[in-house]
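What follows is each chain in one-letter form.
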Amino acid sequence: MTLKKVNPDLEKERSTCTFNIEELTNLLDTGAHCTAERRAVEDKVFSVKELKDEIPDEFLSHKERYENAIRKSVFLHKVLQETGVKRGVYNRSDKSDFRTTYYSIFKDGSPFMLQYSMFVPTILGQGDSEQVELWYKRALNMEIIGTYAQTELGHGTFIRGLETEAVYDEKTEEFILNSPSLSSYKWWPGGLGHTTNYCIVMAQLKIKGKPYGMQPFIVQIRDEETHMPLPGVKVGEIGAKLAFNTVNNGFLGFEHVRIPRRHMLMRFSQVSKDGKFTSSANPKLAYGTMVMVRVTIVNSAATYLSRAVTIAIRYSAVRHQSKLKQNEPEPQILDYVTQQHKLFIGIATSHAYMFCSYWLWDVYVMYQKEQNVGNFDRLPELHALACCLKVISSSDCTGLVEKCRMSCGGHGFMMSSNLPQLYGISTATCTYEGENTVMLLQTARALVKAWELGSRGRPFSPTMSYFAEKNVPSKWDSSLEGILNAFQKVSIGKLSSSVSSLQEYTKSGLSAEDAWNKASVQLIGAAEAWGRAVVLSIYKSEIERYGQTVSPALKSVLFDLVELYYVHLTLEKMGDLLLYTQLSEKDVVSLRKKYEDLLEKIRPNAIGLVDAFDYRDEVLNSTLGSYDGFAYERLMTEAMKSPLNAEPVNQSFHKYIKPLMKGKL
Ligand SMILES: CCCCCCCC/C=C\CCCCCCCCCCC/C=C/C(=O)SCCNC(=O)CCNC(=O)[C@H](O)C(C)(C)COP(=O)(O)OP(=O)(O)OC[C@H]1O[C@@H](n2cnc3c(N)ncnc32)[C@H](O)[C@@H]1OP(=O)(O)O
Ligand SMILES: Cc1cc2nc3c(=O)[nH]c(=O)nc-3n(C[C@H](O)[C@H](O)[C@H](O)COP(=O)(O)OP(=O)(O)OC[C@H]3O[C@@H](n4cnc5c(N)ncnc54)[C@H](O)[C@@H]3O)c2cc1C
C-alpha cells in the first residue's frame, strides 16, 4: 500500500487556516530565536538512535523499564550537554526550556528529573556561596546525582510534623540524622530508589535538645564508587504507581548517620561550630524550592494539555463517524459541535495558562531580586499566587487532558495514543508540590488576612487591588472587561461571605481553628475564585500586549480564543455569577449563542492552532496525533509490536485452554 504524504483531511484543514502558524509558534515559544534554539536541540536529540525505543515501554517489565530509562537519561544528558543546553528549570535566561523535549524521550518520566528540577535548584537557592561553589559544579557534571527528600510516610502536607531529625553534635561538629519511626521514613522522592547517591533531606534541626524547625541538609546516601547504600542508610523503591513508573521514587531511613556541619545548606539559617543557631530573616525561605516548582507547574500543566489537545484535534479531523446529514458521507467527528465544545476550550486553556506562566515567572524573578536585598514584602502574594495558580492550572488541564482522551473514543484508551500517560503525569501535578485542596487553603489564608488588613485601611497587593472596589450592583456587560469585572465580583462576594462565616462561627463560640475548618469549603471556593480572576485578567492583558506586535490575522485568532475562554467560563460558573452579579437569563441565552458562534469561527483554524504548538511526532509519541494523520496505519503498526503477536499461537493454549476444551484439566 502506498501512502500519501499527508491524510487528505488534514491537508484540507491546513488550507483553511487564516493566520501564519510560524508566527504563533514563535509567540508561544517567547521569541523566534527560542523556536530556532528548541528546534536545533530537538534535531540533535531525535537523531540519536540510542534515545529511540525499539520495544514500546509498556511491553517491558518494571525492572527493564527502569534500566531503559536510566540508559536513555544518561544518553540524553550527554546530548544536551554537547548541545550546550544548560537550562532546566534553573539557570535560564529566558522563559523557554527543554522540558517538553526532555519528557518526550520518556513517556513515564526520567529518574534524573529531580536532579534537574529540585536538587540543583535547592543547592542554588538554599546554599551559601561556598556551598554552591562546591555542590553545584559536582551536580552539573553529574558527579553527584540527587533528589529532594522531604515527604515522609506519615506526613507530606504538614511539614512541621515531619519526624526525621538532624541533631547537632558540637564535639564532632556533625549532624546525626535519624529516622525515629516507620512513619518518619522519607517516601516519594523521585530517583531515590536506586538512582541517586546524594539527596537534600529536609529534617528537624535540634541543638542541645532544642528544636529549630525544618532545615535542608545535603546527605550522601550511596558510595560514589560502588553505589552501595552507606552504613545506616535504608533505601529502596516504593513500587508501582498510576504514572511516573520510570522515575524510581524511593523510600529512605537513617540510623544515626553522621554528616559534617557544613552539609546543612546555610544561605538563610546557620549553625556555628559551637552550636549557635542563627535564624533566617524569614523562616519560610526554607520552603523556597517548593515555591519555585509550583510556579513552573503552571507551564507544565499547559504543555501537557497542549500535547493532549494536539493529539485529540488531529485525530478528530481524520476520524469519520455517524451521519450529520443522511445523504452525505460520514463527517469528520470534529464537525460535531459537541466535539468542538470538548476540544477548543483545551486550546484556549492551554494558551491562558501558558501566557500566565510566563507572567508568573517574571513575578517570581522580580521577587527573587527583592529577596536578595532583604525585602520580603511580596512573599505572601507570591506564595498565594504560586499555590493558587498551581492548583487551578493542574486541575483544569488534567480535567481537559482526560476530556481529550475520552473525545478520542476507544482509541484514546490505547497506550499507543499516549493520552493515558499524559493523563497520569498531569494528574500527579494535582498532588505533588502541595496537595491541591491544601494549597487552596493556603491561598485562602493569605486572602482572608489581606481582606482583614484591607478593612483596616492597609493597601492591597496588585492582584488583590480590586478588593478595595465597592461591590455595587451594575448592569451585566458581556464584553471582556465586563466579564472580568463580574468574576472579580464573584471573588469579592465569596471572600466576603467566607469572612462573615468565620466571624459568625467564632462569635458563636468556636475556636478560630474550628471556625476555619467549618468554613473551609467556602474558603477554597473563595481561593479558586480569586485565581480565576487572576487568570482572566492576565490572559487578557498579555494578549492585549502581544496583540500590538503580531499581525492582524493572528491577533484576531488570539482574541477568538480569549473570548472563547471568557464565555466558556461564564457559562460554566453561571451559578456563581447569578448569585453575585446582575447576569440574567436573557444574557445567558445571548452568551450561549456567542459561544456557538465562536466554536464555528474557530473551527477552520483548529488544526492550524494545534500545529502552532509545533510538537514533532517524536514529542507527541502518539498513534492518533501524528502530523500526517495516518492514525489507523500507526495503530496497526504499534499493535504488531505486542510480544503476543510474535507467534500465531501462545503456549498457554496448549497448557491451559486446550486441556479445558477437552475436559482434561
Ligand atoms: C547539561 C544538562 C542540562 C539538563 C537540562 C535539562 C533540561 C530538562 C529539564 C528538566 C527535566 C525535568 C522536568 C521536571 C519537571 C518538573 C517535575 C517536578 C517534579 C516534582 C516532584 C515532586 C516533588 C514534591 O512534591 S516535593 C514535596 C512538596 N511538598 C509540599 O509541597 C508540602 C506542602 N505543604 C506545605 O507547603 C506546608 O506545610 C503548608 C504550606 C501546607 C503549611 O506549612 P506550615 O509551616 O504549617 O505553615 P502555616 O502555619 O500553615 O503557615 C505559616 C505561614 O507561612 C506561610 N507560608 C507557608 N508556606 C510558605 C511558602 N512556601 N512561602 C511563603 N510563605 C509560606 C503561610 O502562608 C503562613 O503565613 P501567615 O502570614 O502566618 O498566614
Ligand atoms: C508523583 C509524585 C511525586 C512526588 N515526588 C516527591 C519528591 O520528589 N519529593 C518529596 O519530598 N515528595 C514527593 N511527593 C510527595 C508529595 O509532595 C505529597 O504526596 C503531597 O505534598 C501531598 O501530601 P500527602 O501525600 O501527605 O497528602 P495528605 O496531606 O495525606 O492528603 C490526603 C488528604 O488529606 C487532605 N488534607 C491534608 N491536610 C489537610 C488540611 N490541612 N486541610 C484540609 N485537608 C487536608 C488533603 O486535601 C487530601 O485530600 C511526590 C508525590 C507524587 C504523587
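Residues numbered from 1 in each chain as written. Chains lettered and ligands numbered in written order. Predicted model: local features only at pLDDT ≥ 70, side-chain atom pairs only at ≥ 80, totals over all residues. Heavy atoms only, no water.

As annotated in an unreviewed UniProt entry, the protein is Acyl-coenzyme A oxidase from Leptosia nina. Its UniProt record, at the heading Pathway (unreviewed entry), says of the protein: "Lipid metabolism; peroxisomal fatty acid beta-oxidation." (UniProt positions renumbered as here; feature names shortened; annotations may be inferred.)

K.L.:
Where do I start with helix H15 (residues 520-547) in this structure?
P.N.:
Along an α-helix, residues three or four positions apart point the same way, because every turn accommodates 3.6 residues. Spanning 28 residues, H15 covers 40 Å between terminal C-alpha atoms, matching the ideal 40 Å at 1.5 Å per step. Where burial is concerned, most of H15 is hidden: 20 out of the 28 residues are buried. (Helix = DSSP H or I, 4+ residues; strand = E, 2+ residues; numbered from the N terminus. Expected span 1.5 Å × (residues − 1). Buried < 20%, exposed > 50% of the residue type's maximum accessible area, 1.4 Å probe, protein only.)

K.L.:
What exactly am I supposed to notice about helix H1 (residues 8-15) here?
P.N.:
By the burial criterion, the buried members of H1 are Asp-9, Leu-10, Glu-13 and Arg-14. One face of H1 carries all of its buried residues, which in axial projection span an arc of 130°. Where H1 is buried, its residues contact helix H8 (288-318) and helix H19 (606-611). The residue sitting at the N-terminus of H1 and contributing the capping side-chain oxygen is Asn-7; that oxygen lies 2.8 Å from the backbone nitrogen of Asp-9. (Arc of directions from axis to C-beta. Contact = heavy atoms within 4.5 Å. Polar contact = N/O pair within 3.5 Å; in protein donor to acceptor, adjacent residues only side chain to side chain.)

K.L.:
Please clarify how the sheet that holds strand S8 (residues 250-254) should be interpreted in this entry.
P.N.:
Consider a sheet: its strands pair through backbone hydrogen bonds, and that pairing is either parallel or antiparallel. Taken in spatial order, the three strands line up as S4-S8-S7 in an open sheet, and their pairing is antiparallel. The open sheet terminates on both sides in strands that have one partner only, identified here as strand S4 (186-187) and strand S7 (233-237). Bridging between S4 and S8 involves two bridges; their strand directions are antiparallel. Residue pairing in the sheet places Lys-186 in a bridge with Leu-252 of S8. (Pairing = 2+ DSSP bridges.)

K.L.:
Is there a simple way to explain the pairing of strand S5 (residues 198-207) in this structure?
P.N.:
Each regular strand carries side chains that alternate between the two faces of the sheet. In terms of burial, S5 is a largely internal element, nine of the ten residues being buried. With four bridges connecting them, strand S2 (residues 165-169) and S5 associate as parallel partners. What sits directly across from Ala-166, in S5, is Leu-205. Relative to strand S6 (residues 210-220), S5 is paired through nine bridges, and the arrangement is antiparallel. Pairing of Met-202 across the sheet is with Pro-216, part of S6. Turn length for the S5-S6 hairpin, with the two strands adjacent in sequence and antiparallel, is two residues, and the turn residue Lys-208 shows positive phi of about 50°.

K.L.:
Would you mind going over the UniProt feature "binding site: FAD" (unreviewed entry) in the protein with me for this structure?
P.N.:
The positions that UniProt labels "binding site: FAD" (unreviewed entry) are, in the present scheme, Thr-151 and Gly-190. Look at the named residues: they lie 40 residues apart in sequence, but the longest C-alpha span between them is just 11.0 Å, so in the fold they bunch up. The residue Thr-151 is located in the loop between strand S1 (148-149) and S2 in this model. Not counting the four nearest positions on each side in its chain, Thr-151 is found in contact with Gly-156, Tyr-185, Lys-186, Trp-187 and Trp-188. Here Gly-190 is to be found in the loop between S4 and S5. Take Gly-190: its relative accessible area is 4%, and that puts it in the buried class. Dropping the residues within four chain positions of it, Gly-190 is found in contact with Leu-114, Thr-147, Thr-196, Val-247, Asn-248 and Asn-249.

K.L.:
Explain the site of ligand 1 to me, please; I cannot follow it from the model alone.
P.N.:
Close contacts around ligand 1 come from 32 residues, with Thr-157, Arg-160, Lys-284, Arg-445 and Lys-449 the closest. When ligand 1 is considered free in solution it has 1,500 Å² of accessible area, and contact with the protein chains removes 88% of it. Broken down by secondary-structure element, the contributors of at least two residues to the shell around ligand 1 are helix H5 (99-105), helix H6 (113-126), H8, helix H10 (379-407) and helix H12 (436-455). Of the residues in the shell around ligand 1, the class split is 14 nonpolar, ten polar and eight charged. Shared between two domains, the shell around ligand 1 holds at least three residues of each, these being domain 1 (29-110) and domain 2 (145-280). (Near = heavy atom within 4 Å. Areas by Shrake-Rupley, 256 points an atom, 1.4 Å probe, with all protein chains shown as cover. Nonpolar A, V, L, I, M, F, W, Y, C, P; charged D, E, K, R; others polar. Domains from an automatic or database assignment.)

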